[in-house]
Amino acid sequence: MKKSDLFIGFIIGILAASAGAFLFLLTFTKFQYLKFVIHEPGIMGKVITLGAIINILIFFYLLKKDKELMARGIVLATIILALATVLFK
């Protein structure tokens with residue numbers, strides 16, 4: 001196990017949540033651009049939360065492949081995203 005795996009897992013968690021939020025915006029909402037979401041009150045926290053759902057799937061996949069430090073990075077990214085959600089509400 002390398003210590004850089006934690007950082008790689010963190011980056012994967014942030015990127016996956018960003019991609020999930022973007023896909024959610026394109027698929028299920030009338031908002032198609034991020035600048036509209038930022039100006040709408042109360043929307044940004046919800047979008048971040050829904051985008052982080054992808055992290056659950058990646059977390060269990062990494063545990064199945066015995067990449068525990070990367071899975072910890074995913075958890076760290078999810079915790080930071082949860083704090084960001086609280087700040088945006």
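For the structure given in this document, a descriptive report is provided here. This is a predicted model, so every value here is computed, not measured. (Residues numbered from 1 in each chain as written. Predicted model: local features only at pLDDT ≥ 70, side-chain atom pairs only at ≥ 80, totals over all residues. Heavy atoms only, no water.)

1. Considering the overall build of the protein chain
- The helix and strand tally for the protein chain stands at five helices and zero strands.
- Counting the 89 residues in the protein chain, one finds 30% classified as buried.
- Considering only contacts within the protein chain whose residues lie at least 6 apart along the sequence, 67% involve residues at least 24 apart.
- Accessible surface computed for the protein chain: about 6,300 Å², of which carbon and sulfur atoms make up 72%. (Helix = DSSP H or I, 4+ residues; strand = E, 2+ residues; numbered from the N terminus. Buried < 20%, exposed > 50% of the residue type's maximum accessible area, 1.4 Å probe, protein only. Contact = heavy atoms within 4.5 Å. Areas by Shrake-Rupley, 256 points an atom, 1.4 Å probe, with all protein chains shown as cover.)

2. So, the packing of helix α1 (residues 4-28) against helix α4 (residues 53-64)
- Put simply, α1 and α4 touch, their axes get as near as 8 Å, and they point 135° apart. As judged from the angle between their axes, α1 and α4 are oblique. Like other packed secondary-structure pairs, α1 and α4 cross with a definite hand, here right-handed. Counted together, Ile12, Gly13, Ala16, Ala17 and Gly20 of α1 and Ile54, Asn55 and Ile58 of α4 form the full contact between these two elements.
- Of the residues belonging to the contact of α1 with α4, the class tally is five nonpolar, three polar and no charged. (Axes fitted to C-alpha atoms, helices over the stretch in contact; angles between N-to-C directions. Parallel < 35°, antiparallel > 145°, perpendicular 65-115°, else oblique. Left-handed = near helix turned anticlockwise from the far one by under 90°. Nonpolar A, V, L, I, M, F, W, Y, C, P; charged D, E, K, R; others polar.)

3. Considerations on the environment of Ile14
- On the secondary structure map, Ile14 appears in helix α1.
- C-alpha of Ile14 to C-alpha of Thr78: the two residues are 64 residues apart in sequence and 7.8 Å apart in space.
- Once residues within four sequence positions are removed from consideration, Ile14 is found in contact with Ala77 and Leu81.

4. Here we look at the layout of surface pockets
- Each pocket or cavity is described by its volume, and for the largest pocket that value is around 200 Å³.
- Ala17, Ser18, Ala21, Met44 and Ile48 are, among the 12 residues lining the largest pocket, the residues nearest its centre.
- Sorting the residues of the lining of the largest pocket by element identifies α1 and α3 (43-51) as the ones contributing at least two each.
- Counting residues per element, the lining of the largest pocket draws most heavily on α1, at six residues.
- Class assignment of the residues belonging to the lining of the largest pocket gives a composition of 10 nonpolar, two polar and no charged. (1 Å grid on protein atoms, 1.4 Å probe; cavity = no way out; pocket = protein on both sides within 12 Å on 5 of 7 lines; lining within 4 Å. Points joined across faces, edges and corners; volume = space filled by probe spheres on them.)

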